[in-house]
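# Survey of secondary and tertiary structure
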Amino acid sequence: MQKLFRIEGSSLLGDKVDIRPPLEAAVKIIRVTGKLPIPDKRSGGISASDLKELTDAVERCLSEDVGGDIMNITTAEGMRLRIYVEQP
């Protein structure tokens, strides 16, 4: 079984994100596009500059083969975002 790159998020408005591509595919997507595999309309109100900073941090973690939680964020407005590598 292969490792999965997981992005889970939710907002107070009920928006939910649950993305789980294979880790190798996610790394290639980030390197080619320069951004996380999250549709723009589902970014949960994260600014473009914050999303770029988040993408850079995730790419560094993945290139260093970090496993488990990479980021786990809850904003004051109630938006939740968890990015992690799921081990088989």
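Preceding block: the structure.
Computed from a prediction, not measured in an experiment: that's the story for all the values here.

With that settled, the discussion passes to the packing of aromatic side chains. For the structure shown, the criterion picks out zero aromatic pairs. In this structure, Arg82 packs its charged tip against the face of Tyr84, placed 3.7 Å from the ring centre.

Residue position: Ile83 is located in strand β4 (residues 80-86). Put simply, Ile83 and Glu53 are 30 residues apart on the chain and 14 Å apart in space, counted from C-alpha to C-alpha. Residues within four places of Ile83 in sequence aside, it is in contact with Phe5, Arg6, Ile7, Leu36, Leu54, Val58, Asp69, Ile70 and Met71.

Turning our attention to the packing of helix α1 (residues 23-33) against helix α2 (residues 48-63). At a minimum axis distance of 11 Å, the contact between α1 and α2 shows a crossing angle of 135 degrees. Considering the angle they form, α1 stands oblique to α2. In this structure, α1 meets α2 at a crossing whose hand is left-handed. Across the interface between the two elements, Leu23, Val27, Ile30 and Arg31 from α1 touch Thr55, Val58, Glu59, Leu62 and Ser63 from α2. A breakdown of the residues in the contact of α1 with α2 according to their chemical character gives five nonpolar, two polar and two charged.

Bringing the pairing of β4 into the picture now. Bridge count between strand β1 (residues 4-10) and β4: seven bridges; the pairing is antiparallel. Considered in β4, the bridge of Ile7 is made with Ile83. Strand direction decides the pairing type here: strand β3 (residues 68-74) and β4, joined by six bridges, are antiparallel. For Gly68, the partnering residue across the bridge sits in β4 and is Val85.

Turning to the side chain of Arg6, a few remarks are in order. Structurally, Arg6 is set in strand β1. Given the relative accessible area of 6%, Arg6 is considered buried. At a separation of 3.2 Å, a polar atom in the side chain of Arg6 contacts the side chain of Asp18.

Rules used throughout
- Residues numbered from 1 in each chain as written.
- Predicted model: local features only at pLDDT ≥ 70, side-chain atom pairs only at ≥ 80, totals over all residues.
- Heavy atoms only, no water.
- Phe/Tyr/Trp six-rings, centres within 6.5 Å; stacked < 30°, edge-to-face > 60°.
- Lys NZ or Arg CZ within 6 Å of the ring centre and 35° of its normal.
- Helix = DSSP H or I, 4+ residues; strand = E, 2+ residues; numbered from the N terminus.
- Contact = heavy atoms within 4.5 Å.
- Axes fitted to C-alpha atoms, helices over the stretch in contact; angles between N-to-C directions.
- Parallel < 35°, antiparallel > 145°, perpendicular 65-115°, else oblique.
- Left-handed = near helix turned anticlockwise from the far one by under 90°.
- Nonpolar A, V, L, I, M, F, W, Y, C, P; charged D, E, K, R; others polar.
- Pairing = 2+ DSSP bridges.
- Buried < 20%, exposed > 50% of the residue type's maximum accessible area, 1.4 Å probe, protein only.
- Polar contact = N/O pair within 3.5 Å; in protein donor to acceptor, adjacent residues only side chain to side chain.

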